[in-house]
Structure formats: C-alpha cells, structure tokens
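Letter by letter, the chains look like this.
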Amino acid sequence: ELHLACLEMTTDIQFCPVAKPYLKPLVERMYKLINDSFLIQLPGKTFENILVKGDYDPVKQAVLPFSSLIQMLHIWIVDDYHQSLTASKTKIPQLFWDESANLYPPVEFSNQDLEMLNVILAKVERRRHNRKGILLNHIFYNSKELLNYRKVYGDRDVMIKFDPEDIGYIYVFIESIKSDPNNLTYLKVPAIDSIGYTKGRTLNQHLIYKRFVTDSL
C-alpha cells in the first residue's frame, strides 16, 4: 500500500539501513517527544521496559477509540507542540512556519485534490467483480457505472481501495487506462445498503457487530 501510494504521488522511498537509527536522528527524537509529552498522559499507554511498567496493565486501562486518539494527537500538535520552543530553544514551530509560508506560500488543495489524496492513501485489496458487484468484508458494492464497466470487460479481478473509517463506499481502479500513470481513474462505488447501515460506519465497528451477531446465533 505504501509503495503504491508513493508511486501514484510520484514519490521515492528511501529506507534507512537496518540497525542504524543514528541515520535518522530527527525521526527518532520526534517519536520520543510524542511518547514523553503526549502518549505518557493517556490511559492504556505502554512503557519503555517492564521495570517501569510494574503491575500496570495497558490492555485493561485502554479506553480510547482510535478516532479519539487521532483527534487528541492533532490537538496536541496544533495547540502544544507548535506553540512551544523546540529542543534547541531557538524557535517556535508556528512562528517559523508563518515566516516560511510568507516567503514560499504553500499550495492550496481543492476539494477534488483532497478526495484524490484520500483515495491514494486508502487501503488496497483485490476482489472479483461479477454481476452482483464486489464483495468486501461481507458487504456488496455496486452501481450503474460499475455495471457498465463490467459490460465492457466482463467478470474480472479488480484492484479496489477503501477507507476503514467509512465502509459506505469503495473505489475501483479502472484497469483500461492502467498503462497511463498520469491518468489514474477510480470509480466511487457505494455499498448496497437500503437501511443506511454502512453510512459513516467504520470497519472496526462493522467487524464487532458481525462477530456479536455470529456469536449470538
């Protein structure tokens, strides 16, 4: 998924050699900063070793859903980290950003650009496309446009992308123009859902509900 996303954004990946963390000190220091300044305050946190951990049980103490963790991390970055002095005590990230943005104004993305970015960064699967549509996580997805695509190319395996935070739709890669890397097209296909179950539903919620129903039978 990472390789495909970078390919679609024409971005190269440079991996750090194994057992050489000193080649990426800024990355390692940022991880430590996030751990020491943000994660250490949260229930369900882990520790650097078993001596510090003691009898603390992270699994029993964990109470935050992933979506809340991401929201809290964004708040910490914007309201805390960006407003505080860096380790060198020479700059405040927000002020430094403002100065740089005045010199080199950042590109503004349209809503279409942002949606395409969500597609590029989505999870990837391959599924069979047949007359019923596409089955993913026990949910069928289909549309008139997808039906027309099948009329031309027939039943076939297709690459799809989906957002685990919203199972109400998937994106189907149009194979016919795969040879043109500058003209990537994805077809947004909704779930076959007459009661609105999938709208805004996360994959994790869906799997929990499915397991609950299965266990109840």
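Provided above is the structure to which this section pertains.
Described in the following lines is the structure provided in the data block. Each chain carries its own residue numbering, running from 1 in the written order of its sequence. Given that this is a predicted model, residues contribute local features only at a pLDDT of at least 70 and side-chain atom pairs are listed and counted only at 80 or more, while totals for whole chains, interfaces and linings are drawn from all residues. Calculation of side-chain values draws on the structure's entire complement of heavy atoms; hydrogens and water are dropped beforehand.

## A short note on the pairing of strand β5 (residues 166-173)
Inference 1: Extensive coverage of β5 is indicated by the burial of 8 of its 8 residues.
Inference 2: Bridge analysis of strand β4 (residues 156-163) against β5 gives 3 bridges, and the strand direction is antiparallel. Bridge pairing in β5 places I160 opposite V172.
Inference 3: Linking β4 back to β5 in an antiparallel pair, the connection comprises 2 residues.
Inference 4: Any two strands between which DSSP finds at least two bridges are classified as paired. Comment: elements are numbered from the N terminus, with helices defined as DSSP H or I runs of at least four residues and strands as E runs of at least two. Strand direction decides the pairing type here: β5 and strand β6 (residues 186-190), joined by 5 bridges, are antiparallel. For every residue, the accessible area obtained with a 1.4 Å probe (protein chains only) is divided by the maximum for its type, and the residue is called buried under 20%, exposed over 50%, and partly exposed between those limits.

## A short note on the nonpolar core
Inference 1: What makes a nonpolar core is a set of buried Ala, Val, Leu, Ile, Met, Phe, Trp, Tyr and Cys residues whose side-chain atoms join them at distances within 4.5 Å. By size, the foremost hydrophobic cluster in this structure holds 17 residues, and its most contacted members are I134, Y141, L146, I160, I170, V172 and V189.
Inference 2: Those elements that place two or more of their residues in this core are β2 (133-136), β3 (139-141), α8 (144-153), β4, β5 and β6.
Inference 3: One finds M159, Y169, F173 and Y186 within the second-largest nonpolar core, a separate group that totals 7 residues.

## Considerations on the sheet that holds β4
Inference 1: As summarised here, the arrangement of the 6 strands in space is β3-β2-β1-β4-β5-β6, forming an open sheet in which the pairing is antiparallel. Of all strands in the sheet, those with a lone pairing partner are β3 and β6, marking the two edges. Put simply, the sheet's adjacent strands are angled 40° from each other on average, direction ignored.
Inference 2: Should any heavy atoms of two residues lie within 4.5 Å, those residues are counted as being in contact. For helices, the fitted line uses only the C-alpha atoms of the stretch in contact; every axis is such a line through C-alpha atoms, and the angle between N-to-C directions lies from 0 to 180 degrees. Contacting β4, β5 and β6, helix α7 (residues 111-120) crosses the sheet at an angle of about 85° to β6.
Inference 3: Sheet strands in contact with α8 are β1 (123-130), β2, β3, β4, β5 and β6, and its direction is about 65° off that of β1.

## Some thoughts on the pairing of β1
Consecutive residues of a regular strand have side chains that alternate between opposite faces of the sheet.
Inference 1: Of the strand pairs in this sheet, β1 and β4 are connected by 7 bridges, and their pairing is antiparallel. When the sheet's bridge partners are listed, R127 is paired in β4 with V158.
Inference 2: The loop that links β1 with its antiparallel partner β2 comprises 2 residues.

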